[in-house]
Amino acid sequence: MIMTESLIFMKIKKYLYIFLLLTIIFQAYLYAPYLEKIIIDNIYSMKINYIQNPLIFISGYFIIYILFTALSIPVALVMGLLSGFIFETHIAIIIVSFASSIGATIAMLISRYLIYDLVTKMYSTQVDKIKENLDRYNSYYLFALRMSPIFPFFIINFCFGLTNIKVKSFYIISQLGMLPATILIILVGKTLNNNLLSEKIISLELAIYLSILGLLPFLFRKYVKKDLKNRQ
């Protein structure tokens, strides 16, 4: 009897966590455009805060980035560009690379331990495809998806929670796979900042970075397809 009551309590607790999590995600998606506007409108005040209190600001930015990524809130691109505006390039790369990877891993764990059934129902086709290719190509398949995403990153995070991939492997491979695009987004943000300071609308440097950023998924996709064929 005690065991039954304990199991019931655990199930109720789990469903309450799921309800709270989904409520937060829904509200975040609903207000995502306002979040982006708040971020954009306060760029220069954030830069001043960073100069005045670098350690506190970096810590706060790092934690917020992790939360946004873990909850799959669609402001990651804005946060990446913003880091190029605010921080020195090497600091921005470290912050975004680690925060995005940690956030993605938390999202994967949320899927694995909290919303397993929901993800199964919503993304059954993608889950089956990922499981099939993960069995065939092992962890390299995750690296291929990160380098040339067939699915959006939040779907990758959720669907891999339903596989047997180890958490450590998921984290390391995700960080390596997302690094090239991370660096390019930060460089675009840094160049935009420099252009605004020099009152330029666009520069050759910005055009080059944007071109590479646009071509990167296609180039990697072509390379990945060829490499996967060679591994068969």
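Each remark here, short or long, concerns the structure printed above.
Everything numeric in this text was worked out from a predicted model, so none of it was measured. (Residues numbered from 1 in each chain as written. Predicted model: local features only at pLDDT ≥ 70, side-chain atom pairs only at ≥ 80, totals over all residues. Heavy atoms only, no water.)

*Asks:* Sorry, what's going on with the overall build of the protein chain here?
*Replies:* If you tally the helices and strands in the protein chain, you get 12 helices and 0 strands. Shown N-terminal to C-terminal, the secondary structure of the protein chain runs as helices and strands in the order α-α-α-α-α-α-α-α-α-α-α-α. The proportion of buried residues among the 232 residues of the protein chain is 42%. A separation threshold of at least 6 residues defines the contact pool for the protein chain, and within that pool the share at least 24 residues apart is 78%. (Helix = DSSP H or I, 4+ residues; strand = E, 2+ residues; numbered from the N terminus. Buried < 20%, exposed > 50% of the residue type's maximum accessible area, 1.4 Å probe, protein only. Contact = heavy atoms within 4.5 Å.)

*Asks:* Can you help me understand the packing of helix 3 (residues 43-52) against helix 4 (residues 54-70) in this one?
*Replies:* Direction vectors running N to C along helix 3 and helix 4 enclose 125 degrees, while the axes themselves pass 5 Å from each other. Classified by the angle their axes make, helix 3 and helix 4 are oblique. Along the contact surface, helix 3 presents Met46, Asn49, Tyr50, Ile51 and Gln52, while helix 4 presents Pro54, Phe57 and Ile58. Per-class residue counts for the contact of helix 3 with helix 4 are 6 nonpolar, 2 polar and no charged. (Axes fitted to C-alpha atoms, helices over the stretch in contact; angles between N-to-C directions. Parallel < 35°, antiparallel > 145°, perpendicular 65-115°, else oblique. Nonpolar A, V, L, I, M, F, W, Y, C, P; charged D, E, K, R; others polar.)

*Asks:* Help me out: how do you make sense of the side chain of Lys190 in this one?
*Replies:* Here Lys190 lies in helix 11 (residues 167-197). At 6.4 Å, Glu88 is the nearest oppositely charged side chain to Lys190, a buried residue that forms no salt bridge. Those residues in contact with Lys190 that lie beyond four places of it in its chain are Gly84, Phe85, Phe87, Glu88 and Thr89. (Lys, Arg positive; Asp, Glu negative; His and termini not counted. Salt bridge = Lys/Arg side-chain N within 4 Å of Asp/Glu carboxyl O.)

*Asks:* Even after reading the chapter, I still don't get the environment of Phe62, so can you show me in this structure?
*Replies:* For Phe62, the position within the fold is in helix 4. Of the residues examined, Phe62 reaches a relative accessible area of 24% and is grouped as partly exposed. Sequence separation between Phe62 and Ala99 is 37 residues; the distance between their C-alpha atoms is 5.9 Å. If we skip the residues at most four places from it in the chain, Phe62 touches Ile95, Phe98, Ala99 and Ile102.

*Asks:* Help me out: how do you make sense of helix 5 (residues 76-86) in this one?
*Replies:* Think of an α-helix as 3.6 residues a turn; residues three or four steps apart then line up on the same face. Among the 11 residues that make up helix 5, 8 are buried, leaving the element largely enclosed by the rest of the structure. Within the sequence span of helix 5, burial applies to Val78, Met79, Gly80, Leu82, Ser83, Gly84, Phe85 and Ile86.

*Asks:* Can you help me understand the pattern of salt bridges in this one?
*Replies:* If the charged atoms of two oppositely charged side chains come close together, the side chains can form a pair. One pass over the structure, following the stated rule, counts 1 salt bridge. Glu132 serves as the salt-bridge partner of Arg136, at 3.3 Å between the closest nitrogen and oxygen. Of this pair, Arg136 and Glu132 are both found in helix 8 (residues 124-137), 4 residues apart, which corresponds to roughly one turn of the helix.

*Asks:* Explain unusual backbone geometry here, please?
*Replies:* Leaving glycine out, the prevailing phi sign among residues is negative, and the prevailing peptide bond configuration is trans. Backbone geometry places Asn138, a non-glycine residue, at a positive phi of 60 degrees. Structurally, Asn138 can be placed in the loop between helix 8 and helix 9 (140-147).

*Asks:* What is the right way to look at the packing of aromatic side chains in this model?
*Replies:* The relative placement of two aromatic rings is captured by the distance of their centres and the angle of their planes. Here the structure, examined in full by the defined rule, presents 10 aromatic pairs. For the ring pair Tyr50 and Phe57, a centre distance of 6.1 Å and an interplane angle of 55 degrees mean the geometry is tilted. Both residues of the pair, Tyr50 and Phe57, belong to the buried class. Among the aromatic residues, ring-to-ring pairing joins Tyr50, Phe57, Tyr61, Tyr65 and Phe87 into one connected group. Cation over ring: Arg146 sits above Phe153, and NZ or CZ is 5.0 Å from the ring centre. (Phe/Tyr/Trp six-rings, centres within 6.5 Å; stacked < 30°, edge-to-face > 60°. Lys NZ or Arg CZ within 6 Å of the ring centre and 35° of its normal.)

*Asks:* Explain the packing of helix 8 against helix 9 to me, please; I cannot follow it from the model alone.
*Replies:* Helix packing for two helices is described by the angle between their axes and how far apart those axes are. Look at helix 8 against helix 9: their axes get within 7 Å of each other, and the N-to-C directions meet at 120 degrees. By the angle class used here, helix 8 and helix 9 are oblique. Touching Lys129, Ile130, Asn133, Leu134 and Tyr137 of helix 8 are Tyr140, Tyr141 and Leu145, all from helix 9. Here the residues of the contact of helix 8 with helix 9 are counted per class, giving 6 nonpolar, 1 polar and 1 charged.

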